[in-house]
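# Observations on the model geometry
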2 protein chains.
Amino acid sequence: MNSKIIDRREHLLGGSLSLSYSEPLHIVRGEGTYLFDVEGRRYLDCVNNVCHVGHCHPRVVRAAHEQMQRLNTNTRYLHETVLNLAERLSGKLPDHLNVSFFVCSGSEANELALRLARSATDRRDVCVLEGAYHGSTGTLIELSPHKFRGTGGFPAPDHVHVAPVPDGYRTAREVPPPSRAAHFVDLLETTLSQAAARKRPIGTFLAEAMPGCAGQIDPPAGYLQQAFQVARAAGAVAVADEVQTGFGRMGSHFWAFERQGAVPDVVTLGKPIGNGHPLAAVVTTRAIAEAFDNGMEYFNTFGGNPVSCAVGLAVLDVIEEEGLQEKALATGEFLLAGLRSLQRRFEILGDVRGAGLFLGAELVRDRETLEPADSEAQRLVEYAVQRGVLLSTDGPGRNVIKIKPPLVFSQADAERLLETIEAGLAG
Amino acid sequence: MNSKIIDRREHLLGGSLSLSYSEPLHIVRGEGTYLFDVEGRRYLDCVNNVCHVGHCHPRVVRAAHEQMQRLNTNTRYLHETVLNLAERLSGKLPDHLNVSFFVCSGSEANELALRLARSATDRRDVCVLEGAYHGSTGTLIELSPHKFRGTGGFPAPDHVHVAPVPDGYRTAREVPPPSRAAHFVDLLETTLSQAAARKRPIGTFLAEAMPGCAGQIDPPAGYLQQAFQVARAAGAVAVADEVQTGFGRMGSHFWAFERQGAVPDVVTLGKPIGNGHPLAAVVTTRAIAEAFDNGMEYFNTFGGNPVSCAVGLAVLDVIEEEGLQEKALATGEFLLAGLRSLQRRFEILGDVRGAGLFLGAELVRDRETLEPADSEAQRLVEYAVQRGVLLSTDGPGRNVIKIKPPLVFSQADAERLLETIEAGLAG
């Protein structure tokens, strides 16, 4: 049925673009938490964190349309929209994070964060966490073990230092839970001091507060707080990559770093910020912005244009007016409880973790050896899509089921998801 | 009047963002070739090449709105819009350029072009032209002499090789015009062979067919054709950066590289492709796309989404249906003739160059020494904005008046621009 469009795609687009599912979906419409294929079949979307406030949210669509009719130009002219968005973002962040830069993608945001940190420290070396993914540019692929350790990869370049990911389930079972944060902070300190000993002091520590591609890892409480302190003590700038986790998805907090009590010097924002519109941002301190302002203009052709910023403002409005952070908290807790209940019944469900609507369910063949149940995870995803529920896998073992739906995901949606996972695991 | 908004901007945005004009404009509306400030004052826009088919073109706005209401998601699902846009772009390019990748900005496009070329050659060294600007990421700033030679700059990194820009006016007056292309190709060959001799063979030759930030340079006819051949003979991939110059702006050709008879291996597209919407693309050969497809997925969250692609298709439709390439040719020739007439009357107008609606007028204090008339150029730009005409300067001497308006720029608009320049030079 889809063979003609798949054939066109193979001829027209690069083969390194991938398609989801063994029978790819030809999606033509989106609404709320649902996607619809060309045959009118409806899918419950449990994976697209980009369409954060729901696919095609009318308020966001209207904001874009109104501004597109009026003006879409660059930041070399004065415009209030970019200032209003900067003000709203600063208002959501700790007081010291009050200078914004607007760009077009999470990759551009992380690229700019690196430039900011380099200006502030005059150091080029970067420390990241094992399994991280930070973007698609050449520099960011080199900072993404998720990519360079995999197929078509390469050894870590000399300026890239990889600290262990704070994965309490898989790598620190021997450590008592209350000591795990300190355990992983010690390992980070070792990475930092080894780099310094090799005359490669770290200028940037770049980390997600809840590492996504590493397998929806939920670090031990307080890890990132201490990690940022340790990195700063070593002279590095601490960058929180909130591209996947920000904007209320955590439920308990607006940003994932807050849930860890961490204090970043720079935060990078992407995916959900524009509900699918190409918008991203970097927010930093006055001191770091001033170190960067060395006489070289920073210009981003599309970044901060009035349409993108009107979209960003509408997304913030919807999150607040529809109480989506609170909804993520309630629905997320319901889902977590449901998954934990399944975990008691199904041996293969080795771990269930996360917060709000950013959850992971790790499938293992043996709860002692933790052998990744990758093909089983893949089968569960394929089972779910056949039943109209969209999931995906991630993590180095490809055995973690990711759950990160639009925040409008309802209790009924959560029940349906749990039933589908239960049936898939039972079947 | 604008002091409050300027003050907010200074507090909320990074200081390395610049504002145009000594009295910055508070622009709130755009239509066709006009921008309107908050007081309702109308400005003839002669500089914004991004809003290629005219500010807020209703057809483009409608295409975005219709698609935003239906679906905006990523390329891991099948969708026809991205394929239709890829097909249309391939149809506009030489047959061998038939595999497309969609990204969000010209920077992301050039970043991906570098990754493609590295995969194909296994070489990391890059040759660019003096004065070039290729984007705002860390890697691209290092490949942009326009940036790294200026304030806040740094020495060229070891992997960056800079060949002389083929500026016949400023650096090759002693060479008879028919020999100038060969002269600059020889200089490029020297750069390439010196790099090879230092065991740093070039993997990528990245060039604009009509270098913009270098000062709207119009290379001697055939330069880029030979330059790409020479680069390829040295084992490099030839990348044409069409981010500023593509989509009919040249008038005589749809792409600037065609006007030079050049055959690129990769082209990068940006600014005008989405009329201001954050969209960009890379088009390459099947062989290069396959070398890149080594098992590492390439994914761009927003790149190739249905909204961006619907916008890209609408822009192509408008260019064709409104005959904008032909219009650029006619208006551009009228403008060039008018500027050349002014050049005969005003000694300071040292050179007039370009094609279609991508023109440059270089101001010099002395036609022999070519001393850049930078403050005079700045004064002319300020004079024009006072009279409601938007211009800007560029080039290493900041003495080149850039003219690159939306292509809907009319004969009457051109007459008004010429009158303004004439009055400014006379005044």
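Parameters at a glance
Residues numbered from 1 in each chain as written. Chains lettered and ligands numbered in written order. Predicted model: local features only at pLDDT ≥ 70, side-chain atom pairs only at ≥ 80, totals over all residues. Heavy atoms only, no water. Pairing = 2+ DSSP bridges. Helix = DSSP H or I, 4+ residues; strand = E, 2+ residues; numbered from the N terminus. Axes fitted to C-alpha atoms, helices over the stretch in contact; angles between N-to-C directions. Contact = heavy atoms within 4.5 Å. Least-squares fit on C-alpha atoms with pLDDT ≥ 70 in both. Expected span 1.5 Å × (residues − 1). Buried < 20%, exposed > 50% of the residue type's maximum accessible area, 1.4 Å probe, protein only. Domains from an automatic or database assignment. Salt bridge = Lys/Arg side-chain N within 4 Å of Asp/Glu carboxyl O. Polar contact = N/O pair within 3.5 Å; in protein donor to acceptor, adjacent residues only side chain to side chain. Nonpolar A, V, L, I, M, F, W, Y, C, P; charged D, E, K, R; others polar. Parallel < 35°, antiparallel > 145°, perpendicular 65-115°, else oblique. Left-handed = near helix turned anticlockwise from the far one by under 90°. Buried area = accessible area lost by both parts, 1.4 Å probe. Right-handed = clockwise from strand over helix to strand, strands pointing away.

Residues and elements named next belong to chain A. Taken together, four strands build an open sheet; the order of strands is S11-S12-S15-S14 and the sheet is antiparallel. The open sheet has two free edges, formed respectively by strand S11 (349-355) and strand S14 (392-394), since each of these has just one partner strand. Direction aside, the axes of adjacent strands within the sheet are offset by 30 degrees on average. Pairing of S14 with strand S15 (residues 400-403), which is carried by three bridges, proceeds in the antiparallel orientation. By the bridge assignment, Asp394 is partnered in S15 with Val400. Relative to the sheet, helix H14 (residues 374-386) contacts strand S12 (358-363), S14 and S15, its axis offset from that of S14 by approximately 155 degrees.

Of the transformation superimposing chain A on chain B, the axial component is 0.0 Å and the angular component is 180 degrees, with the fit at an RMSD of 0.0 Å. In the structure described here, the two chain copies are related by an operation that fits a two-fold rotation axis. The overlap is high: 100% of the interface residues of chain A also sit at the interface in chain B, so the same surface is used on both sides.

Right, let's talk about helix H14 (residues 374-386) of chain B for a bit. Residue and element names in this part refer to chain B. With 13 residues, H14 extends 19 Å from end C-alpha to end C-alpha; this agrees with the ideal 18 Å at 1.5 Å per step. Every buried residue of H14 is accounted for by Glu376, Ala377, Leu380, Val381, Glu382, Ala384 and Val385. One or two residues past the end of H14 sits Gly388, with phi positive at roughly 80 degrees.

A few words now on the domain arrangement of chain A. All names here are of chain A. The domain boundaries assigned to chain A delineate domain 1 (3-53 + 323-426) and domain 2 (58-321). Measuring from the centre of the C-alpha atoms in domain 1 to the corresponding centre in domain 2 gives 25 Å. At the interface, 38 residues of domain 1 touch 34 residues of domain 2. Linking domain 1 to domain 2 there are one salt bridge. One salt bridge in this structure joins Arg170 and Glu362, with 2.6 Å as the shortest N-O distance. The interface formed by domain 1 and domain 2 includes 19 residue pairs in polar contact (both at pLDDT 80 or more). Only helix H13 (324-345), S11, S12 and S15 provide two or more residues apiece to the side of domain 1 that touches domain 2. Among the elements that line the side of domain 1 that touches domain 2, the one with the most residues is S11, at five residues. When the residues that make up the side of domain 1 that touches domain 2 are grouped by side-chain class, the tally is 19 nonpolar, 10 polar and nine charged.

Residues and elements named next belong to chain A. Relative to the elements of secondary structure, Thr420 occurs in helix H15 (residues 411-426). What makes Thr420 buried here is its relative accessible area of 10%. Filtering out sequence-adjacent residues up to four positions away, Thr420 remains in contact with Tyr383, Ala384 and Val389.

Quick look at the packing of helix H1 (residues 3-12) of chain A against helix H3 (residues 80-92) of chain B now. Packing of H1(A) against H3(B) leaves a shortest axis separation of 10 Å and a crossing angle of 40 degrees. Compared by their axis directions, H1(A) and H3(B) come out oblique. Along this stretch, H1(A) crosses H3(B), giving a crossing that reads as left-handed. Where H1(A) abuts H3(B), its residues A:Ile5, A:Arg8, A:Arg9 and A:Leu12 lie against B:Glu80, B:Leu83, B:Asn84, B:Ala86, B:Glu87 and B:Ser90. Looking at side-chain class alone, the contact of H1(A) with H3(B) contains four nonpolar, two polar and four charged residues.

Let's shift gears to the interface of chain A and chain B. Contact with chain A, which involves 98 residues of that partner, is made by 99 residues of chain B. Roughly 8,500 Å² is buried in total at the junction of chain A and chain B, and carbon and sulfur atoms are behind 57% of that figure. Contact with chain B buries surface across chain A, with A:Tyr77, A:Leu78 and A:Phe302 losing the most and accounting together for 10% of the total. Our enumeration of links across chain A and chain B arrives at four salt bridges. When the shortest N-O distance is used, the salt bridge between A:Arg8 and B:Glu87 registers 3.0 Å. The tally of links from chain A across to chain B stands at 50 residue pairs in polar contact (both at pLDDT 80 or more).

On to the side chain of B:His79, then. With respect to the secondary-structure elements, B:His79 resides in the loop between helix H2 (58-70) and H3. Separated by 2.9 Å, the side chains of B:His79 and B:Thr81 make a polar contact. Those residues in contact with B:His79 that sit more than four places away from it in its chain are A:Ile5, A:His26, A:Ile27, A:Val28, B:Gln67, B:Leu71 and B:Pro306.

Take the pairing of strand S7 (residues 202-207) of chain B next. All names here are of chain B. Burial analysis of S7 places six of its six residues in the buried class, the great majority of the element. Taken together, the three bridges between strand S5 (residues 125-129) and S7 define a ladder with parallel strand orientation. Bridged to Cys127 within S7 is Phe205. Here S7 pairs with strand S8 (residues 237-241) via four bridges, running parallel. Directly across from Ala207, in S8, lies its bridge partner Ala240. Once you follow S7 into helix H9 (residues 223-233) and on to S8, the crossover reads as right-handed.

Here we come to the pattern of salt bridges. Under the criterion given, the structure shown has 42 salt bridges over all chains. In this structure, A:Arg365 and A:Glu376 form a salt bridge, with 2.7 Å as the shortest nitrogen-oxygen distance. Separated by 11 residues along the polypeptide, A:Arg365 in the loop between S12 and H14 and A:Glu376 in helix H14 bring together distant segments of the chain. The exposure class of A:Arg365 is partly exposed, given its relative accessible area of 38%. Among the salt bridges present, the one from B:Arg353 reaches B:Asp351, with a minimum N-O distance of 2.8 Å. Three or more residues are tied together by salt bridges with common partners; here these are A:Arg59, A:Arg88, A:Lys92, A:Asp317, A:Glu320 and A:Glu321.

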